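# Chains, contacts and geometry: an overview
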Amino acid sequence: MKFSGKNVLITGASRGIGSEIAKVLASFGLKVWINYRSNPDSANALKDSIESSGGKAAVIAFDAAHEEAFKTAIELIKDSDGELSYLVNNAGITNDKLALRMSVEDFMQVIDSNLKSCFIGCREALKVMSKQRFGSVVNISSIVGEKGNAGQVNYSASKGGMLALTKSFALESGLRGVRFNCITPGFIETDMTAGLKEEVKNEYVKNIPLGRFGTTSDIAYGVAFLLSDYAAYITGETLRINGGLYV
């Protein structure tokens, strides 16, 4: 994989998909900034793992939904490395329940954590990348942002909003040399899906043409491609990594 930049910030990188993205991007020679909000042990263990494999990594703690914290983090990265080449907006939460039982607070908590944080990250990264006349951003959305899902009105809205947000940033930033793209994962093997009963998993798999859940590596390599120079003429696009579940 070819990269013209030298570093990447990944929000929500201490575990799951974010952790694997960090490992893969580090393996391609990028310095990885591992963001976490409340799990320092996992973040530091990931840093140690990357460095023991010959990669470069740093840990940076902040709440991605907090505007000033995100600004400060990007300034710290810029002061340390002289640039911010790439950003992966991966941080997010769920708070599932049927819409009739969902309070406004339940709804806005997920919107803030998932969609607002993505907006702040895209905006602040664009400020830095515009001056460089170079940069690439990948936003991690979800299949439910395209098709919806019962019990996830808030999550679906937040992830669907990321799709439109990504396209709009792409339209505004192209002439500045900055690209924005999105990935919509389907069912991926993570700690969250590990808790599902086998019979439930089997029912889901029946509807997936490739006949399996995806892996975190499936997502990570998709991110690497979209960030890389191989995707230099791709912006405003959504890459579906769902095994054919939604096409």
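The shown structure was predicted, so the numbers you read here are calculated from the model rather than taken from an experiment.

### Considerations on the pairing of strand 2 (residues 31-36)
For strand 2, the tally of buried residues reaches six of six residues, placing the bulk of the element in the interior. The alternating pattern of strand 2 places K31, W33 and N35 and V32, I34 and Y36 on opposite faces, both of which are buried. Across four bridges, the pairing between strand 1 (residues 7-10) and strand 2 is parallel. Residue pairing across strands places I10 opposite I34, the latter belonging to strand 2. Where strand 2 meets strand 3 (residues 56-61), six bridges bridge the pair, whose relative direction is parallel. Among the inter-strand pairings, Y36 is bridged to a residue of strand 3, identified as A61.

### Some details on the UniProt feature "binding site: NADP(+)" (unreviewed entry) in the protein chain
UniProt tags G12, A13, S14, R15, N90, Y155, S156, A157, S158, K159 and I188 as "binding site: NADP(+)" (unreviewed entry). Taken together, the annotated residues stretch across 177 residues and extend over separate regions, lying up to 24.5 Å apart by C-alpha. Lining of the largest cavity among the annotated residues: N90. Tracing the sequence through the fold places S14 in the loop between strand 1 and helix 1 (16-27). Setting aside anything within four residues of it in sequence, one finds S14 in contact with S19, I34, N35, Y36, N39, S42 and A43. Inspection of the secondary structure assignment puts A157 in helix 6 (residues 153-173).

How each quantity is defined
- Residues numbered from 1 in each chain as written.
- Predicted model: local features only at pLDDT ≥ 70, side-chain atom pairs only at ≥ 80, totals over all residues.
- Heavy atoms only, no water.
- Buried < 20%, exposed > 50% of the residue type's maximum accessible area, 1.4 Å probe, protein only.
- Helix = DSSP H or I, 4+ residues; strand = E, 2+ residues; numbered from the N terminus.
- Pairing = 2+ DSSP bridges.
- UniProt positions renumbered as here; feature names shortened; annotations may be inferred.
- 1 Å grid on protein atoms, 1.4 Å probe; cavity = no way out; pocket = protein on both sides within 12 Å on 5 of 7 lines; lining within 4 Å.
- Contact = heavy atoms within 4.5 Å.

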